[in-house]
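Observations on the three-dimensional arrangement
Now for the letters of each chain:
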Amino acid sequence: MATLAPTVAPQRGGQAGKDEEPPGGTARVLGVFKATPFTYATLIIVSAVLSVPLVFAVSIALSTDHTVSTNAFTILPHEFEWRNFTKVFGGDLPMGRFLVNSLIIALGSVIGQMVSSGLVGYAFARLRAPGKNVMFLVVIATMMIPTQITMIPQFILFKDLGWVNTYLPLIVPNFFSNAFNVFLVRQFVSRLPSELDEAAMVDGLGFFGIYRRIMLPMLWPVLIAIGIFTLTYNWGDFMGPLIYLNDESKMPLALGVQYITTTAVAGQPPPWNLVMVGSILLTLPMIAVYYLGQRYLYEMDISGGSAGVK
Amino acid sequence: MAMSRLRRREALWFYVFVSPWVIGFLAFLLGPMVSSIYFSMTDWDSFTPPKWVGLDNYTKLLTEDPVFWKALGNTLFYSAVSVPLGLLVGLWLANLLNKQVRARKLFRTLIYLPTLVPLVAASLAFRVVLAPSGPLNDVLGWVGIKGPQWLLDPSWVKYALILLSLWGAGSATVLLLAAMKGIPRELYEAAEIDGAGPVRQFWSITVPQLTPVIFFNLVMGLIGAFQVFSQVYILMPKASQPGTYNASQTMVPYLFDQAFSYYHMGYASAISWLLFAVILVFTLLAFRTTRRWVFYETEVK
């Protein structure tokens, strides 16, 4: 799936809703912007096709166990077994536990990235020190290293520390910032007016005081954007938990829901209805986060201008 | 020249502030990278002491391991098809959404929604959508096509992965749509006066104006696609297809398998460096060819 190309520019006023206006406001519609029946036909067909997996997943989530065992699913729901949504929290299915684990891992990571990336990014943007530019080049260069290179030695490191089968390998590295987030904060800070921190300096506030009292309150938009990225990544992360967590009781939802499909009794299909309930529980928070956070992402102009490319 | 007291204090605070990054860089990146180079030259199961074998792992991978080449080929095919295709579909949909359509917000939401679904949930949904008697094969059956065994037939697995990635074309769509809004309206007005039709305007104005965004996303998309893992792992559980598993293998799942199923830590480390080499080559290649097709505003005087 394609990657966002963030460009960071603090902007006044909300951008949301702007794109609902026709191009050029109330002016005459240019030929190239005129919608034809063909435009609508295409959009309707594409939207319908893209919705099929979602609708089908909901339909399966609402199926009875009998439908699952006979594999008699229909694309549109024809039965409504709402009990499936409560069933996953009782019995021998630890879905509630999975959810709690996901929250612990994701929130721990978010706090770590927000605290560390803010400090590091601010320092790179404002403070002067010998070797700073070389260090920043290294920060940028590290973005090119694929995680697979460090995956095995990191596993050995955490194994030696006795951290395997704990949340620590998934949370702790986030307290040491990451290159991408540092870059975001640095870009954001360098576009803020420097009069404020200079004035604070004259008033005798120390560097940490300037960061905490002056900078931090202005950094919220970029920190929330970082929080959203970190939350989304860690909530959905599959490979990390797969490497480090073996106990079912420690698995986050993203791993747990897949794990359920592997534990089915031989010769029987996995409990697809409950698996889809789990998938829906995994998805809904991401939709909520996106809609609540959209404003901040727009404010950050994260939606992809070309400045990040030049 | 000696620094003033204030400058020294400022520098000191700089090092304090960036220390989280420095520690993380040393402990989780540079250190592991150096050890990874060493591991890749050993035979090591992570329990007994490593045995130095020099470049043996690399020569074995490149000359004696058909699964590695198969995995590399599959990965390259997947990336080379899914990324450009995703961008093309995104460009096409963005162009439609950029017109004056009613209910644009609804269409945009429906197209974007799949990209909000975590990869694990999306892969699980596709396992049922692509099942032998799942909805996709049903639809194909209506028009008289006998659908393939998407997830069991190794020659079709690649296409299953591509379909899943195309389902997420909404992220490229939204990105390109935002970039399209930034194209000055005067360009289209001038073109219309000159008598250029919508198609001509799309290829002569919209596409050239978007090339920087397209290029950035092409490179980033390729890097991501080379590292495809969760989809492969979930769509094709190893247990369900012992015979065909290797034939539909890709790079990172192969690496993962070698490291964490067979504890071939040295061999797996060597795979990771070859993966890095592949990513690097393609990234450089993409950058080398930019001049030929990426348009930057500043080039026009």
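All residue numbers refer to positions counted from 1 along the written sequence of the respective chain. Labels follow written order: the first chain is A, the first ligand is 1, and so on. Local features are withheld for residues below a pLDDT of 70 in this predicted model, meaning they are given only at 70 or higher, and side-chain atom pairs are given and counted only at 80 or more; totals for whole chains, interfaces and linings count all residues.

**Observations concerning the overall build of chain A**
Starting at the N terminus, helices and strands are each numbered in turn, a helix being any DSSP run of H or I of at least four residues and a strand any DSSP run of E of at least two. Counting secondary structure elements, chain A contains 13 helices and zero strands. Along chain A, helices and strands appear, N-terminal first, in the series α-α-α-α-α-α-α-α-α-α-α-α-α. Partly exposed residues are those whose C-beta has more than 12 but fewer than 20 other C-beta atoms within 10 Å; 20 or more makes a residue buried and 12 or fewer makes it exposed, with C-beta atoms placed from the backbone. The proportion of buried residues among the 310 residues of chain A is 41%. Of all intrachain contacts in chain A linking residues separated by at least 6 positions in sequence, the fraction that spans at least 24 positions is 74%. We call two residues in contact whenever the C-beta atoms placed from their backbones are within 7 Å.

**Some words on the domain arrangement of chain B**
Residue and element names in this part refer to chain B. Assigned domains of chain B: these are domain 1 (5-52) and domain 2 (65-299). An automatic or database domain assignment supplies the start and end points of every domain. For domain 1 versus domain 2, the distance between C-alpha centres works out to 33 Å. Taken together, the nine residues of domain 1 in the interface contact seven residues of domain 2. When residues of the side of domain 1 that touches domain 2 are traced back to their parent elements, those giving at least two are α1 (5-39) and β1 (42-43).

**Thoughts on unusual backbone geometry**
Here the phi dihedral of Asn 165 of chain A falls at roughly 70 degrees; this positive angle occurs in a residue that is not glycine. Among the structural elements, Asn 165 of chain A can be located in the loop between α6 (147-160) and α7 (168-171). Assessed through the 14 C-beta atoms surrounding it within 10 Å, Asn 165 of chain A is described here as partly exposed. A positive phi angle is found at Tyr 263 of chain B, which is not glycine, with a value near 55 degrees. Judged by C-beta crowding, with 14 C-beta atoms within 10 Å, Tyr 263 of chain B ranks as partly exposed.

**Let's talk about the nonpolar core**
The term nonpolar core refers to a group of buried residues, namely Ala, Val, Leu, Ile, Met, Phe, Trp, Tyr and Cys, whose C-beta atoms join them within 7 Å. Counting residues in each nonpolar core, the largest one holds 155 residues, and the members touching the most others are Ala 123 of chain A together with Val 120, Ala 125, Leu 176 and Leu 255 of chain B. For this core, the element with the highest residue contribution is helix α10 (residues 207-236) of chain A, accounting for 13 residues. Dropping the residues within four chain positions of it, Ala 123 of chain A is found in contact with Phe 14, Phe 17 and Val 18 of chain B.

**A look at the interface of chain B and chain A**
Of the residues lining the interface, 93 residues belong to chain B; the matching set on chain A comes to 88 residues. Here the side of chain B that touches chain A gets 20 residues from one element, more than from any other, and that element is α1 of chain B. Gly is put with the polar residues, along with every residue not named as nonpolar or charged; the nonpolar set is Ala, Val, Leu, Ile, Met, Phe, Trp, Tyr, Cys and Pro, and the charged set is Asp, Glu, Lys and Arg. When grouped by side-chain class, the residues that make up the side of chain B that touches chain A number 63 nonpolar, 22 polar and eight charged.

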